[in-house]
Amino acid sequence: MTGKLYIVGVGPGHHDHMTFRAKEVIAESDTIVGYETYVNLVNDLIEGKTVYRYAMTQEVERAHQCIDLAKSGKIVSLVSSGDPGIYGMAGLIYETLAESGWKPQDDLKVEIIPGVSALNSCASIIGSPLMTDFAVVSMSDLLVPWEIIEKRVESAAQGDFVIVIYNPASKKRIHQLQDTRKILLKYRKPTTPVAIIKGAYRDSQTIVMTNLEELPNHSEQLGMISTVIIGNSSTYTYKDLMINPRGYKSKYNLEEQTNPNLKI
């Protein structure tokens, strides 16, 4: 008997921001697999279930075990923070299945349960920084060569994208964000707004509002659970919020608009 494999996004880390479907499939599952930190986010939802906890660098082992357990008849939830399709386990699961000749119509049933990614949760905390086109770049060069990451940053900077940075720093990852800042300063003012959100929606949450010039002064806020949002040429701050204009001001003459019933 073949079971099921759910790849579950549990959101930023607070149950109020988990989707109903995520809670539903975790309840349905008899087996939970995940990176230990992510499993801990749902500890109170997995009592009585078989749980496999992994270290951060064991992604391949995690993928194979999930697939093997589901093929043996288990209903498995592979839990991931944020959204599993954004820097998560969804890609590795499908790569592994594709290599084995898996057929979605006939064989093991796999379902991705979308979650709230860091770019969504962090943006909501600091205002409306993603109202226009934005780029998302990870500073992790374990899987992507740093030279390629630099090209992506340069292209995003030239295109005036708001930039969301995942994995900005770690004990071994020090120069990457520094190099990124140097690239951005070629195209953006030193006063460009920057937000550092650490542990969004978790008990440890901290927020720092700064700018490109002052960014190096906040290195203690940078780590694997930090997200950095860097504004573009239109971004501005207002009372500790980051705002990126959507364009309605010119379209609807907001400064002169006195009709409170106008919907935009």
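Preceding this section is the structure that the text describes.
Remember, predicted model here, so these are calculated numbers, not experimental data. (Residues numbered from 1 in each chain as written. Predicted model: local features only at pLDDT ≥ 70, side-chain atom pairs only at ≥ 80, totals over all residues. Heavy atoms only, no water.)

*Asks:* Could you give me a rundown of a nonpolar patch on the surface, with the residues and numbers involved?
*Replies:* Together, M56, M224 and I225 make up a nonpolar patch on the protein surface, roughly 230 Å² of accessible area in all. Residue placement: I225 occurs in the loop between β10 (206-211) and β11 (226-230). A residue is classified by how much of its surface remains accessible, and I225, at 37% relative accessible area, is partly exposed. (Patch = residues over 30% accessible without salt bridge, like charges linked within 9 Å, V, L, I, M, F, W, Y side chains within 5 Å. Areas by Shrake-Rupley, 256 points an atom, 1.4 Å probe, with all protein chains shown as cover. Salt bridge = Lys/Arg side-chain N within 4 Å of Asp/Glu carboxyl O. Helix = DSSP H or I, 4+ residues; strand = E, 2+ residues; numbered from the N terminus. Buried < 20%, exposed > 50% of the residue type's maximum accessible area, 1.4 Å probe, protein only.)

*Asks:* Help me get a handle on the packing of aromatic side chains, residues and values and all.
*Replies:* Taken as a whole, this structure holds 3 aromatic pairs when the rule is applied. When the ring of Y94 is compared with that of W102, the centres are 5.8 Å apart and the planes differ by 40 degrees; the resulting orientation is tilted. Residue classification places W102 among the buried residues on the basis of a relative accessible area of 19%. (Phe/Tyr/Trp six-rings, centres within 6.5 Å; stacked < 30°, edge-to-face > 60°.)

*Asks:* Which residues make up the pairing of strand β7 (residues 134-138), and what values go with them?
*Replies:* Successive side chains on a regular strand alternate, one facing one side of the sheet and the next facing the other. Judged from the 5 bridges that link them, β7 and strand β8 (residues 162-166) form a sheet pairing that is parallel. Bridge pairing links V136 to V164 in β8. As for the winding sense of the linkage, the β-α-β connection from β7 through helix α6 (residues 146-158) to β8 is right-handed. (Pairing = 2+ DSSP bridges. Right-handed = clockwise from strand over helix to strand, strands pointing away.)

*Asks:* Explain the pattern of salt bridges to me, using residue names and the numbers behind them.
*Replies:* A full pass over the atoms with the stated rule returns 5 salt bridges. Among the ionic pairs, E28 bridges to K4, the shortest N-O distance being 3.5 Å. You can see E28 sitting in helix α1 (residues 20-28) and its partner K4 sitting in strand β1 (residues 4-9), a full 24 residues away along the chain. On the accessibility criterion, E28 (32% relative accessible area) is partly exposed. Overall, the relative accessible area of 35% leaves K4 in the partly exposed class. For E59, the salt bridge goes to R62, with nearest N and O atoms at 3.8 Å. Within this pair, E59 and its partner R62 are both found in helix α3 (residues 59-71), separated by 3 residues, close to a single helical turn. A single salt-bridge network, built from bridges that share partners, covers R21, E24 and E111.

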